[in-house]
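# Analysis of the macromolecular model
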Amino acid sequence: MMRRADSDIQKCELCRLSKSRTNAVPGSGNVVDVEIVFVGEGPGRNEDLAGKPFVGSGGRLLDQLMQSAGLKRESVYITNIVKCRPPKNRKPVRDEVEICTSNYLERQLDILKPKLICTLGATALEYFTGETKMGENHGKLFHARKSGIPVLPTYHPASIFRNPPYRKLLENDLRMLPNIIESLGKTSKTISA
Ligand code: URA
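Each residue is numbered by its place in its chain's sequence as written, counting from 1. With pLDDT at 70 or above as the cut-off, local features in this predicted model cover only qualifying residues; side-chain atom pairs require 80 or more to be listed or tallied, and sums for whole chains, interfaces and linings still use all residues. Values reported for side chains reflect all heavy atoms of the structure, with hydrogen atoms and water molecules removed beforehand.

### Points about the pairing of strand E2 (residues 36–40)
A regular strand carries its side chains on alternate faces of the sheet. Let me state the cut-off plainly: For every residue, the accessible area (1.4 Å probe, protein chains only) is compared with the maximum for its type, and the residue is labelled buried under 20%, exposed over 50%, or partly exposed between those bounds. Helix and strand labels come from DSSP, where a helix needs a run of H or I of at least four residues and a strand needs a run of E of at least two; each type is numbered from the N terminus. Criterion used throughout: strands pair if DSSP finds at least two bridges between them.
In terms of burial, E2 is largely enclosed, as five of its five residues are buried. In this structure, E2 lies alongside strand E3 (residues 76–80), joined through five bridges in parallel fashion. The residue bridging Gly-40 from the neighbouring strand is Asn-80, located in E3. Strand direction decides the pairing type here: E2 and strand E4 (residues 116–120), joined by four bridges, are parallel. Considered in E4, the bridge of Val-39 is made with Thr-119.

### Focus: the pattern of salt bridges
Counted only if it meets this: The working definition used for a salt bridge is a side-chain nitrogen of Lys or Arg within 4 Å of a carboxyl oxygen of Asp or Glu.
Summed over the entire model, instances satisfying the criterion amount to eleven salt bridges. Across the salt bridge formed by Asp-8 and Lys-11, the nearest N and O atoms sit 4.0 Å from each other. Of this pair, Asp-8 and Lys-11 are both found in helix H1 (residues 2–11), three residues apart, which corresponds to roughly one turn of the helix. Taking the relative accessible area as the measure of exposure, Lys-11 reaches 57% and is therefore exposed. Arg-167 is paired through a salt bridge with Glu-171; the nearest N and O atoms lie 3.2 Å apart. Here Arg-167 pairs with Glu-171, and both are found in helix H9 (residues 166–192), just four residues apart, close to one helical turn. Here Arg-167 falls in the partly exposed class, since its relative accessible area comes to 32%. Taking relative accessible area as the criterion, Glu-171 reaches 12% and is therefore assigned buried.

### Things to note about the sheet that holds strand E5 (residues 142–143)
For clarity, the threshold we go by: Throughout, a contact is declared for two residues whenever any of their heavy atoms are within 4.5 Å. Here, axes are lines fitted to C-alpha atoms. For helices the fit covers the stretch in contact, and angles between N-to-C directions go from 0 to 180 degrees.
A sheet is described by the order of its strands in space; here six strands give the open sequence E1-E3-E2-E4-E6-E5, paired in mixed fashion. Each having just a single partner strand, strand E1 (28–29) and E5 make up the two edges of the open sheet. With respect to the sheet, helix H6 (residues 122–129) is in contact with E2, E4, E5 and strand E6 (150–154), its orientation differing from that of E4 by roughly 135°.

### Observations regarding the environment of Leu-62
Structurally, Leu-62 can be placed in helix H4 (residues 57–68). Measuring from C-alpha to C-alpha, the distance between Leu-62 and Pro-86 comes to 21 Å, with 24 residues separating the pair along the chain. Once you skip the residues sitting within four places of it in the chain, Leu-62 turns out to touch Phe-54, Ile-78, Leu-120 and Pro-157.

### A few points about the site of the ligand
Using the following cut-off: Near is defined per residue: the residue qualifies when any heavy atom it owns lies within 4 Å of the molecule or strand. Polar contact is the term for a pair of N or O atoms within 3.5 Å; when the atoms are in protein, one must be able to donate a hydrogen and the other to accept it, and sequence-neighboring residues count only if both atoms are side-chain atoms. Accessible surface is estimated by sampling points in the Shrake-Rupley manner with a 1.4 Å probe; for residues, cover comes only from the protein chains shown. Any residue that is not Ala, Val, Leu, Ile, Met, Phe, Trp, Tyr, Cys, Pro, Asp, Glu, Lys or Arg is counted as polar, Gly included; the first ten are nonpolar and the last four charged.
Close to the ligand lie Gly-40, Glu-41, Gly-42, Glu-47, Pro-53, Phe-54, Asn-80 and His-156, which account for all nearby residues. Glu-41 places a main-chain nitrogen or oxygen 2.8 Å from an oxygen atom of the ligand. With respect to the ligand, the backbone of Phe-54 contributes an N or O atom lying 3.0 Å from an oxygen atom. In isolation the ligand has 240 Å² of accessible area, and contact with the protein removes 88% of it. Considered class by class, the residues forming the shell around the ligand number two nonpolar, four polar and two charged.

Encoded structure:
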């Protein structure tokens, strides 16, 4: 099912972003018993060229931070709100977000059924929670509108290059993930008992 979604994304021409892309970037990572799906904003230049998410400098930082939080890239799935690079890395606009998420991101979540979504940056925060202020909302648990999956918002790794003090906040948020997963497991056992 994921392969079918990937190939639909690779061929997609539903919005203007398809016209300027080199490659669409469906996502990468584990697709079986996925615990966490990370959702960024959209591919940048390196991702557009590689067809893979978070392969540039932000991706390398994300790898390091995930490792120090005890998470391996292979045990999570990583994707974005929009699957094609917006020209000059501008923010995706409302209709691009709506078309891409309703056709692809929600379908990916439906197939993967992760226990938790971790949003990276303001675009994904706003899409899943309706909130706009990262400072007030990172590190708090929400439920995703539409799917209801638990969501932990945090900063975008690339934002650390502009604002180094955010690094600590991002690190702390990522360190919460294994504990949240564990406590979600306990809650669902209690409910089904
Ligand atoms: N920034 C994102 O939001 N996603 C990527 O895949 C790369 C950079």
